[in-house]
Amino acid sequence: MKRIDVQASVPYTITVGRGLLSAVDMPESRRVLIYDEGLPGSLVEHVRRRLQTELNLAVPSGDACKTLDVYGTLLSRLAGAALARDAAVIGLGGGATTDLAGFVAASYLRGVAFYTLPTTLLAQVDAAVGGKTGLNLPEGKNLVGAFWNPRGVWCDVDTLESLPEHIFREGASEVFKHGLLTSGALCEQVLAPGFGASASNLAEVVADAVQVKVDVVVRDPTEQGERAFLNFGHTLAHALEAVTRHALSHGEAVGYGMHFAALLSRAQGGEDLTPLTSRFLSYLKPSRLPEHLTWEHLEPFIARDKKADRSGMRFVLLRRIGQPYLERLGEDQLRDVFNLWRAQMRAVVQ
């Protein structure tokens, strides 16, 4: 077991290990559990009994839960139960569930305690860390939200063993990204033979990936600077998710997006990391892209990316592994690299 202390405005601890769901506790006596309806019933019941939650609210799996309608329904249920500010909201599930639960906690009565029990690899190494909460709009991903840090996070890697293999691999996208942003060691661990939910070193890999994000968000809690580097590959990824109406999962989209960002980086004079991102795509085995996907389909969503400003579109690029930077790129440059990326994806992935 490893404990990672986060020095936020209200400090909290992220605990990584096995068997942690049997040890979760919190001081608040009135507790609300918001959980993914696709989780095994035995897991939900175990958490419900352990924490003696008085309100247990199931939400749709994946990004289908991150809507204004679902959000409004949850707020009404909390208000109907007459919960006061000394209550706690607990998010149990993947990254979409914890994003939603965190935003409910951030906005109900202008903020109540929030705890996270992430049950996917993607949630454990990314969504549950750093205090970003939010919803999607038809116009784009994560356009509504707030920074609201949890009071505690428990990453029980035993929960990952029940995941379908493709869901585990999708979560590995964020581990791989953290490797590209640092020394590359995490990239090699993901691509090593035998890496999966039953790997003996899984808890250590998760803890190392969590530490990468914690180190960044402590220095830049509200994304005024280097925290934007954590969006490597995400600009195209979020556009792909939006244009496919989330038929393409976040992890798959990030895998595609990292290869696109590697091509952009190479075009700007950076080290050629495309062999490494190609290896990851072979590991990931993402779903097929829409057959007739064009730059024109994606450009409106990219233009609304949170890193864009009045001067244009900005992308996170890499000079080499461990050296990210932000670069504003023209539409002609982006279109040319997109066409190259699209041709490669037809050959490599499909």
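Computed from a predicted model, the values in this text were never measured in an experiment.

Draft legend 1. Expanded view of the overall build of the protein chain. Of the regular secondary structure elements, the protein chain holds 12 helices and 11 strands. Taken over C-alpha atoms, the radius of gyration comes to 19 Å for the protein chain, in line with the 20 Å a tight globule of 350 residues would show. When its C-alpha atoms are laid out on the principal axes, the protein chain stretches across 55 × 45 × 35 Å. The buried share of the protein chain, taken over its 350 residues, is 56%. Here the analysis covers contacts within the protein chain between residues at least 6 apart in sequence; of these, 73% occur between residues at least 24 apart. Accessible surface computed for the protein chain: about 14300 Å², of which carbon and sulfur atoms make up 49%.

Draft legend 2. Local environment of the pairing of strand β10 (residues 313-318). Of all 6 residues in β10, 5 are buried; the element is thus mostly enclosed. In this sheet, strand β11 (residues 324-329) lies alongside β10 in antiparallel orientation, the contact comprising 6 bridges. Pairing of Val316 across the sheet is with Leu326, part of β11. Counted between consecutive antiparallel strands, the loop separating β10 from β11 contains 5 residues, among which Gly322 sits at a positive phi close to 85 degrees.

Draft legend 3. Looking closely at the UniProt feature "domain: 3-dehydroquinate synthase N-terminal" (unreviewed entry) in the protein chain. When the UniProt feature table is mapped to this numbering, "domain: 3-dehydroquinate synthase N-terminal" (unreviewed entry) covers residues 57-169. A distance of 28 Å separates the end C-alpha atoms of residues 57-169, which is 34% helix and 30% strand.

Draft legend 4. Just the packing of helix α8 (residues 234-243) against helix α11 (residues 295-303), in detail. Running from N to C, α8 and α11 cross one another at 115 degrees; their axes reach a closest spacing of 9 Å. Relative to α11, the crossing made by α8 is right-handed. Two secondary-structure elements touch here, α8 through Thr235, Leu236, Ala239, Leu240, Ala242 and Val243 and α11 through His297, Leu298, Phe301 and Ile302. Considering only residue class, the contact of α8 with α11 consists of 8 nonpolar, 2 polar and no charged.

Draft legend 5. Examining helix α12 (residues 331-348) more closely. With 18 residues, α12 should cover 26 Å at 1.5 Å per step; its first-to-last C-alpha distance of 25 Å lies within 8% of that length. Listed in full, the buried residues belonging to α12 are Leu334, Val337, Phe338, Trp341, Arg342 and Met345. Down the axis of α12, the buried set is contained in an arc of 150 degrees. They therefore lie on one face. Exposed side of α12, more than 90 degrees from the buried face: Asp332, Asp336 and Ala347 are the residues found there. On its buried side, α12 packs onto α8, α9 (250-267), α10 (274-284), α11, β10 and β11.

Draft legend 6. Representation of the nonpolar core in the model. Among the nonpolar cores identified, the biggest contains 77 residues, and Ile14, Leu240, Phe260, Phe280, Phe315 and Trp341 are the most heavily contacted of them. Top element by residues in this core is helix α7 (residues 202-219). It accounts for 11 residues. No fewer than three residues from each of domain 1 (2-162) and domain 2 (232-349) sit in this core. If near-sequence neighbours (up to four positions away) are discounted, Trp341 is found in contact with Leu236, Leu240, Tyr256, His259, Phe260, Leu263, Leu289 and Leu293.

Draft legend 7. How the structure looks around the packing of α9 against α12. Where α9 contacts α12, the two axes come as close as 10 Å, and the packing angle between them is 130 degrees. As judged from the angle between their axes, α9 and α12 are oblique. Considering how the two elements wind past one another, α9 and α12 form a crossing that is right-handed. Contact residues: α9 offers Tyr256, His259, Phe260, Leu263, Leu264, Arg266 and Ala267, while α12 offers Leu334, Val337, Phe338, Leu340, Trp341, Gln344 and Met345. For the contact of α9 with α12, the residue count by class is 11 nonpolar, 2 polar and 1 charged.

Draft legend 8. Expanded view of the side chain of Ser249. With respect to the helices and strands, the residue Ser249 is situated in the loop between α8 and α9. Polar contacts involving the side chain of Ser249 include one to the side chain of Glu170, which spans 3.0 Å. Discounting residues that sit within four places of it in the chain, Ser249 has contacts with Glu170 and Glu241.

Draft legend 9. Expanded view of α7. For α7, built from 18 residues, the straight-helix expectation of 26 Å at 1.5 Å per residue is met to within 8% by its first-to-last C-alpha distance of 26 Å. What α7 keeps buried is the set Leu202, Ala203, Val205, Val206, Ala207, Ala209, Val210, Val212, Lys213, Val214, Val216 and Val217. Against the buried residues of α7 lie β1 (2-6), β2 (12-17), α4 (121-127), α5 (165-181) and α6 (185-191).

Draft legend 10. Here's a closer look at the packing of aromatic side chains. Under the counting rule described, the total for this entry stands at 10 aromatic pairs. Their ring planes at 25 degrees and their centres at 4.5 Å tell us that Phe176 and Phe280 sit as a pair that is stacked. Taken as a pair, Phe176 in helix α5 and Phe280 in helix α10 lie far apart in primary sequence, 104 residues in all. Of the residues examined, Phe280 reaches a relative accessible area of 0% and is grouped as buried. Here the guanidinium or amino end of Arg169 rests over the ring plane of Tyr283, the centre of that ring lying 4.5 Å away. Note that Arg319 overlies the ring of Tyr325, its terminal NZ or CZ placed 4.0 Å from the centroid.

Cut-offs used in this document
Residues numbered from 1 in each chain as written. Predicted model: local features only at pLDDT ≥ 70, side-chain atom pairs only at ≥ 80, totals over all residues. Heavy atoms only, no water. Helix = DSSP H or I, 4+ residues; strand = E, 2+ residues; numbered from the N terminus. Rg over C-alpha atoms; globule rule 2.2 N^0.38 Å. Buried < 20%, exposed > 50% of the residue type's maximum accessible area, 1.4 Å probe, protein only. Contact = heavy atoms within 4.5 Å. Areas by Shrake-Rupley, 256 points an atom, 1.4 Å probe, with all protein chains shown as cover. Pairing = 2+ DSSP bridges. UniProt positions renumbered as here; feature names shortened; annotations may be inferred. Axes fitted to C-alpha atoms, helices over the stretch in contact; angles between N-to-C directions. Left-handed = near helix turned anticlockwise from the far one by under 90°. Nonpolar A, V, L, I, M, F, W, Y, C, P; charged D, E, K, R; others polar. Expected span 1.5 Å × (residues − 1). Arc of directions from axis to C-beta. Core = buried A, V, L, I, M, F, W, Y, C linked by side-chain atoms within 4.5 Å. Domains from an automatic or database assignment. Parallel < 35°, antiparallel > 145°, perpendicular 65-115°, else oblique. Polar contact = N/O pair within 3.5 Å; in protein donor to acceptor, adjacent residues only side chain to side chain. Phe/Tyr/Trp six-rings, centres within 6.5 Å; stacked < 30°, edge-to-face > 60°. Lys NZ or Arg CZ within 6 Å of the ring centre and 35° of its normal.

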